[in-house]
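Next come the chains, spelled out residue by residue.
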Amino acid sequence: MLDQETWVKHVLPAMAPRLGINVYAEDLYVNDPFSKSAIPYEDWLKIVKYYKNAAPKALKPARSPVAPVKDWGVFTLLKPVHDKVVAATTTMVAFDTIGHHIFTSDRLNSSIFKWSDGLKLQSSHKYSSPAVDVQFSKDAQGKEQGAFTFIGSMDAIDILNGYLMDIGISELSVKNEKTIAQNLPRPVQSLSADFNKDGLEDRIICGFGHNAGGLFWYKQLPDKQFEKHVISTIPGAEHAITGDFNHDGWPDVICLFAQADEGIWLFLNDHKGGFTTTNLLKFPPVYGSSSFQLVDFNHDGKPDILYTSGDNSDYSKILKPFHGVYIYLNQGNYKYKQAYFYPVNGATKAIAADFNGDGKLDIALIAFFPDLKNNATEGFTYFEQDRPLHFVPHHLPLAREGRWICMDVADYNADGKPDIILGNYALGFINEDGLKPTWNTHIPFIILKNTGIPAVRAVKN
């Protein structure tokens, strides 16, 4: 699954210290008689020799089953009005379906920005960390609030400086803030549900972490404080979905883990303050799992899994033919079978919706680690479903507009058609040595406004 150079110079030297094997000069292993290694030094050298001999010199690029169409699909481009020339390091884009505003955050300023209907900056407030996720709701008094997840550190390190905070949406200020949880390992998402059915909303938090992380249940107590419970200590908790998945009347959780032990796990509520665990899908540790969504593609009443792999910022920063978008059909009894794959280098997130209004689900996909040198247009792909589980990919001309790390889908202009918001993280995390940005490095986000009119007709009109 990886080429020889990546194994020998990057992955194996990263693995060796975890086994107690000393590494010097990048990929030189030294036998230390005083080291308490997990395996004998001679056996480690056999492992290194095996991968050096068995791994291919280079990976064969994946072949696209359907050639992409280069057009605008059913979309037109909208840009925000911004008057500050700063580097775009957007970490979150979210459409507030209650108050009908767009919220963004960025790494450079660690601020939350609120945008007006006319895409003008309306207000902002600075925090100690960039926000990466938000869930909107109303409190007991009917006032809108956002549960913002602050990652703490964007870098892959084990520092507990992430936190979850409820913030009043009407006015972003200190007086409207309440910290729910802190000292978290790089949290990337939070969700609300009453998991013990005591009438109080609890929180589920995905702690992506690095070597340490986990999935956490913060139980709300009668005094409105929150008590931490650990559901899983697996690092890489990236995205969770709540729901009653076994139809017993109690909320459960499905979570994607994307660090080392990659896969999707179901956590069923045991009604006793805990969860039972079932693995739904498991992926190799080099996959770079990046997102999933539950959606019924074949209309059989059972939720299928839309999944992407494409995180490419660890020890194997090469283009991988298995990166892309997958569909796994629900076979019943918590079993899933792959029914679709389309290769996209560095695929980051996919969201299914009926974008063209024909009754069939389409897919919007962003790729933060595309082939920037040879095929930067795969940074965004609109997959139009023309017949069951067959999609026509559209590459929109967005390569010079930005580099997309986050996405939200919502009816921005209330015309009944889903639009797409793309967040631009313009600088950093570039795997190709010496490659300089050819895209807009200042605009924080763009909107793909859904016209409902196919590109060919739009040109004629």
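Up top is the structure.
Numbering of residues starts from 1 in every chain and runs along the sequence as written. Residues qualify for local features only when their pLDDT is at least 70, as the model is predicted, and side-chain atom pairs are given and counted only at 80 or more; totals for whole chains, interfaces and linings, by contrast, use all residues. The basis for the side-chain values is all heavy atoms of the structure; hydrogens and waters are excluded.

J.: It is not clear to me how a nonpolar patch on the surface should be interpreted in this structure. Could you clarify?
T.: Among the surface-exposed residues, Y24, L28 and V30 lie close enough to one another that they form a single nonpolar patch of about 280 Å² accessible area. Elements are defined by DSSP. Helices are runs of H or I of four residues or more, strands are runs of E of two residues or more, and each kind is numbered from the N terminus. Mapping Y24 onto the fold places it in strand β1 (residues 22–24). The exposure class of Y24 is partly exposed, given its relative accessible area of 47%. Residues enter patches when they are more than 30% accessible in relative terms and free of salt bridges; like-charged ones are connected within 9 Å and nonpolar ones (Val, Leu, Ile, Met, Phe, Trp, Tyr) within 5 Å. Values of accessible area rely on a 1.4 Å probe in the Shrake-Rupley scheme; residue burial ignores everything except the protein chains shown. Any carboxyl oxygen of Asp or Glu that lies within 4 Å of a side-chain nitrogen of Lys or Arg is treated as forming a salt bridge with it. Under the scheme applied here, a residue whose accessible area is under 20% of the maximum for its type counts as buried, over 50% as exposed, and between as partly exposed, the area being computed with a 1.4 Å probe on protein chains only.

J.: What's the story with empty space enclosed by the protein in this structure? I'm lost.
T.: Over the atoms, a rolled probe matching the size of one water molecule traces out where space is still vacant. A pocket here means an open set of points on a 1 Å grid, computed over the protein atoms alone, that has protein on both sides within 12 Å along at least five of seven lines. A cavity is instead a set of points where a 1.4 Å probe fits but cannot get out; residues with an atom within 4 Å of a point line either one. Grid points are joined across faces, edges and corners, and a volume is the space filled by probe spheres set on the points. Counted under the stated rule, the structure contains 2 cavities of 30 Å³ or more. When its volume is computed, the largest cavity comes out at roughly 100 Å³. If you go around the largest cavity, you meet 14 residues; those closest to its centre are A376, G379, A399, G402 and W404. Classifying every residue of the lining of the largest cavity by side-chain character gives 10 nonpolar, 3 polar and 1 charged. Approximately 40 Å³ is the volume attributed to the second largest cavity. Taken together, F195, N196, W217, W250, N269, H271, K272, G273, G274 and F275 form the lining of the second largest cavity. In terms of residue class, the lining of the second largest cavity is built from 4 nonpolar, 5 polar and 1 charged. Under the scheme applied, nonpolar residues are Ala, Val, Leu, Ile, Met, Phe, Trp, Tyr, Cys and Pro; charged residues are Asp, Glu, Lys and Arg; polar residues are all the others, including Gly.

J.: Is there a simple way to explain the packing of aromatic side chains in this structure?
T.: Only Phe, Tyr and Trp rings are paired, with Trp represented by its six-membered ring, and only when their centres lie within 6.5 Å; those with planes under 30 degrees apart are stacked, over 60 edge-to-face, the remainder tilted. Enumeration over the complete set of coordinates arrives at 34 aromatic pairs. Here F283 and Y287 contribute two aromatic rings whose centre-to-centre distance is 5.8 Å and whose plane-to-plane angle is 10°, an arrangement assigned as stacked. Here F283 and Y287 have matching classes, each one buried. Members of the aromatic cluster, each reached through a chain of ring pairs, are F283, Y287, Y307, F322, Y326, Y328 and F341. Note that K197 overlies the ring of W250, its terminal NZ or CZ placed 4.9 Å from the centroid. Above the plane of the ring of F369 lies R403, whose end atom (NZ or CZ) is 5.5 Å from the centre. Any Lys NZ or Arg CZ that is within 6 Å of a ring centre and within 35 degrees of that ring's normal is treated as a charge sitting over the ring.

J.: Help me out: how do you make sense of the sheet that holds strand β23 (residues 335–343) in this one?
T.: Within a beta sheet, neighbouring strands are joined by backbone hydrogen bonds and run either parallel or antiparallel to one another. In this description, strands pair whenever DSSP reports at least two bridges between them. Across the sheet, which stays open at both edges, the 4 strands sit in the order β20-β21-β22-β23 with antiparallel pairing between neighbours. Only two strands of the sheet have a single partner each, and these edge strands are β20 (289–295) and β23. The sheet shows a mean angle of 20° between the axes of neighbouring strands, taken without regard to direction. Angles here are taken between N-to-C directions and fall from 0 to 180 degrees, while the axes themselves are lines fitted to C-alpha atoms, restricted in helices to the stretch in contact.

J.: What exactly am I supposed to notice about unusual backbone geometry here?
T.: For residues other than glycine, phi is negative in most cases, and the peptide bonds are mostly trans. One non-glycine residue with positive phi stands out, namely A260, at about 75°. Residue position: A260 is located in the loop between β17 (252–257) and β18 (263–269). A260 sits in the exposed class, given a relative accessible area of 52%. For H299, which is not a glycine, the phi torsion comes out positive at approximately 55°. For H299, the position within the fold is in the loop between β20 and β21 (304–309).

J.: What is the right way to read the layout of surface pockets from this model?
T.: Estimated volume of the largest pocket: approximately 1,600 Å³. In this structure, the largest pocket is lined by 50 residues; those nearest its centre are V132, V188, S290, K349 and I405. The class makeup of the residues in the lining of the largest pocket is 28 nonpolar, 14 polar and 8 charged. What the second largest pocket holds in volume is close to 760 Å³.

J.: Even after reading the chapter, I still don't get the sheet that holds strand β19 (residues 275–282), so can you show me in this structure?
T.: Ordered by their spatial adjacency, 4 strands build an open sheet running β16-β17-β18-β19, and the pairing between neighbours is antiparallel. Of all strands in the sheet, those with a lone pairing partner are β16 (237–243) and β19, marking the two edges. Averaged over all pairs of adjacent strands, the angle between strand axes in this sheet comes to 20°, irrespective of strand direction. Two elements, β17 and β18, share 5 bridges in a ladder whose sense is antiparallel. What sits directly across from C255, in β18, is W265.

J.: What should I look at first to understand helix α2 (residues 41–54) in this one?
T.: Side chains of residues three or four places apart in an α-helix project in the same direction, reflecting 3.6 residues per turn. Here α2 is 14 residues long and its end C-alpha atoms lie 20 Å apart, about the 20 Å a rise of 1.5 Å per residue gives. Taken together, the buried positions of α2 are occupied by Y41, W44 and V48. Projected down its long axis, α2 shows its buried positions confined to an angular sector of 60°, all on one face. In α2, the exposed positions angled more than 90 degrees off the buried face are occupied by K46, K49, Y50 and N53. Considering only its buried residues, α2 is in contact with α1 (4–15) and β2 (28–30). Expected helix span is given by 1.5 Å per residue-to-residue step, counting one fewer step than there are residues. The reported arc concerns the directions from the helix axis to the C-beta atoms and nothing else. We call two residues in contact whenever any of their non-hydrogen atoms come within 4.5 Å of each other.

J.: Help me out: how do you make sense of the side chain of D371 in this one?
T.: Relative to the assigned elements, D371 resides in the loop between β25 (362–367) and β26 (380–387). In contact with D371, not counting residues within four places along its chain, are L319, N345, A376, E378 and E432.

J.: What is the right way to read α1 from this model?
T.: Along α1, the residues that are buried comprise Q4, T6, W7, V8, V11, L12, P13 and A14. Pairing of N or O atoms within 3.5 Å defines a polar contact, subject to two protein rules: one partner must be a possible hydrogen donor and the other a possible acceptor, and residues neighboring in sequence count only if both atoms are side-chain atoms. For α1, the N-terminal capping position is held by D3, with its side-chain oxygen 3.1 Å away from the main-chain nitrogen of E5.

J.: Mind showing me how you'd approach the environment of S316 here?
T.: As for its position among the elements, S316 is in the loop between β21 and β22 (324–332). Taking relative accessible area as the criterion, S316 reaches 10% and is therefore assigned buried. Along the backbone, S316 and D3 are 313 residues apart, and their C-alpha atoms lie at a distance of 9.1 Å. With sequence-adjacent residues up to four places away left out, S316 is seen in contact with L2, T6 and V11.

J.: Hey, could you run me through the pattern of salt bridges in this one?
T.: Throughout the structure, instances matching the rule amount to 8 salt bridges. The salt bridge involving K219 is made with E227; its shortest N-O contact spans 3.5 Å. A salt bridge links K282 to D261; the nearest nitrogen and oxygen atoms lie 2.5 Å apart. A residue pair is termed long-range when its members are at least 10 positions apart, and K282 in strand β19 and D261 in the loop between β17 and β18 qualify at 21 residues. Note on K282: relative accessible area 52%, which makes it exposed.

By themselves these figures say nothing about function.
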